[in-house]
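Geometric and topological summary
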Amino acid sequence: MESAKIQSEGNGGTQAPSGGYYAFLILYLVLLSAFGSFVNDMYLPTLPDMVRSFHTTTSTVQLGLTFGMIGLGFGEMLLGPLSDRFGRKPILVIALVVFCIGAACCVWSHSIHTFIWWRLVQGLGASGGYFLARTIPADLYRGRALAKVMALVGAINGFAPASAPVIGGLVSRSIGWQGIFWILFGFSAMLLIFSPALKESLPAARRVTGHFGVAFRNYALLVRNRRFLTHVMLKGSALGVLFAYISSAPFIIQDHYGYTPLQFGLFMGFNALFVATGSMVALRFRPLKKAAVIGGRGLMIAAVAQFICFYSIKNVWVYEGLNLPMLFCLGMLFTAGNTLAMNEGRDCAGDASALIGLAGYMFGAVVSPLVGLGDIVHSTAITIVALAAITLVFTRMSRQLAPDLEASAASAKRMDAPAPSQSAKG
């Protein structure tokens, strides 16, 4: 490993990694972030088969997605404060072990209801890696340096949702949906094996002290921070659009248009690259919130066009063509929302990252079963337009806020809420 050096844009003098360890860190963060994609996207091609395997309904099978997202959201709320108190690495190891248990028990489920509950456990475990992929960069960087790392991780991680459905489609053809969860088990085990090489990013001097409730009080302080909350809701509503697309696509492409699981995986893989591209393009905007404004407008236009398509033009290529600009705009919104929110909440990064994740999964947990009600094509169109409109509202609110990433240290101190608690005093 290369020695670390202090970068000029580092987070308050924290040792920011460079050289060989920097490359390892980015790769490891990409894999951690991929947890959120793999835990849902990989078994998407098998959803129609699982309906038949468990002799149940589309909406019931989609509850597996919902409970996975509930686990991701609740787990982040619990593990965020714990990581601020005890450090990032211990929480990561515990989360990976829980994920392994959840993945193995999903394989042994003999009923859809048992499977759904073990998906909750799997989501709890996946939450640790997913929120730490946002938290660790905020420990080490701030401002534009943070934006670069977040966008780089987001762009590279575009290959996770790109590859997950393809792998899932291939695996399902040979060893069924159970084999997908064994692959997820191996993925988590691999991260456990390499976790000793990951350095602790939160030194003891910066951890929350005092009684245990202090860490959870930071949630109330963050929610009172208008800038932070605006960008959390911006990211959450945009993520809701992505979940509506993800949970409906297997049934639209396979059942409605008649494509195979493998072909569905290729569609999803190609489309995910547009999310990655949008993530990197967002960095070209100064201030960064301008990327959110443009992304929000583009998302609204694409959503309305897709709504019209679903009701009047029954053509898979029109559907596919409108998905591409929608996903590109979502990539821009993810980079802007993640970075601006974490930059505001970096003083208690674990709690901030947990709230960002919770907002997204609250939207996702609601929309996943909604798109399966009635005619899935029409319900998806309505859901996406509604979420795009909500996202556009938050982009306008973000535009009215100042400062952005280029704010001076003095401006950064003039926050809308008090500084997060670091001890039991007061």
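To be clear, the structure that these remarks concern was listed above.
The notes below deal with the structure included here. Keep in mind the model is a prediction, meaning the values are calculated, not measured.

Let us now look at the side chain of serine 201. Inspection of the secondary structure puts serine 201 in the loop between α7 (159–194) and α8 (213–223). Judged by relative accessible area, serine 201 falls into the buried class, the value being 5%. In terms of polar contacts, serine 201 uses its side chain to reach the side chain of aspartate 139, at 2.6 Å. When near neighbours in sequence (up to four residues on either side) are disregarded, serine 201 contacts Arg88, Ile136, Asp139, Leu140 and Arg206.

Further remarks concern the packing of helix α9 (residues 226–256) against helix α13 (residues 349–370). Where α9 contacts α13, the two axes come as close as 7 Å, and the packing angle between them is 35 degrees. Here the hand of the crossing between α9 and α13 comes out right-handed. Contacts between α9 and α13 involve Phe228, Val232, Met233, Lys235, Gly236, Ser237, Leu239, Gly240, Phe243, Ala244 and Ser247 from the former and Ala352, Leu355, Ile356, Ala359, Gly360, Tyr361, Phe363, Gly364, Val367 and Ser368 from the latter.

Once that is clear, we can look at the packing of aromatic side chains. Tallied over the full model, the rule gives 13 aromatic pairs. With 6.1 Å between their ring centres and 75 degrees between their planes, tryptophan 108 and tryptophan 182 make a pair best called edge-to-face. Taken together, the residues tryptophan 108 in the loop between α4 (88–107) and α5 (112–140) and tryptophan 182 in helix α7 connect sequence positions 74 residues apart. Classification of tryptophan 108 by relative accessible area gives exposed; the value is 53%. For tryptophan 182, a relative accessible area of 38% gives the class partly exposed. Their ring planes at 70 degrees and their centres at 5.5 Å tell us that phenylalanine 270 and phenylalanine 274 sit as a pair that is edge-to-face. Taken together, the positions of phenylalanine 270 and phenylalanine 274, both in helix α10 (residues 261–281) and four residues apart, correspond to about one turn of that helix. Classification of phenylalanine 270 by relative accessible area gives partly exposed; the value is 43%. By way of ring pairs, the aromatic residues Tyr21, Phe24 and Tyr28 are connected into one cluster.

Rules of the game
Residues numbered from 1 in each chain as written. Predicted model: local features only at pLDDT ≥ 70, side-chain atom pairs only at ≥ 80, totals over all residues. Heavy atoms only, no water. Helix = DSSP H or I, 4+ residues; strand = E, 2+ residues; numbered from the N terminus. Buried < 20%, exposed > 50% of the residue type's maximum accessible area, 1.4 Å probe, protein only. Polar contact = N/O pair within 3.5 Å; in protein donor to acceptor, adjacent residues only side chain to side chain. Contact = heavy atoms within 4.5 Å. Axes fitted to C-alpha atoms, helices over the stretch in contact; angles between N-to-C directions. Left-handed = near helix turned anticlockwise from the far one by under 90°. Phe/Tyr/Trp six-rings, centres within 6.5 Å; stacked < 30°, edge-to-face > 60°.

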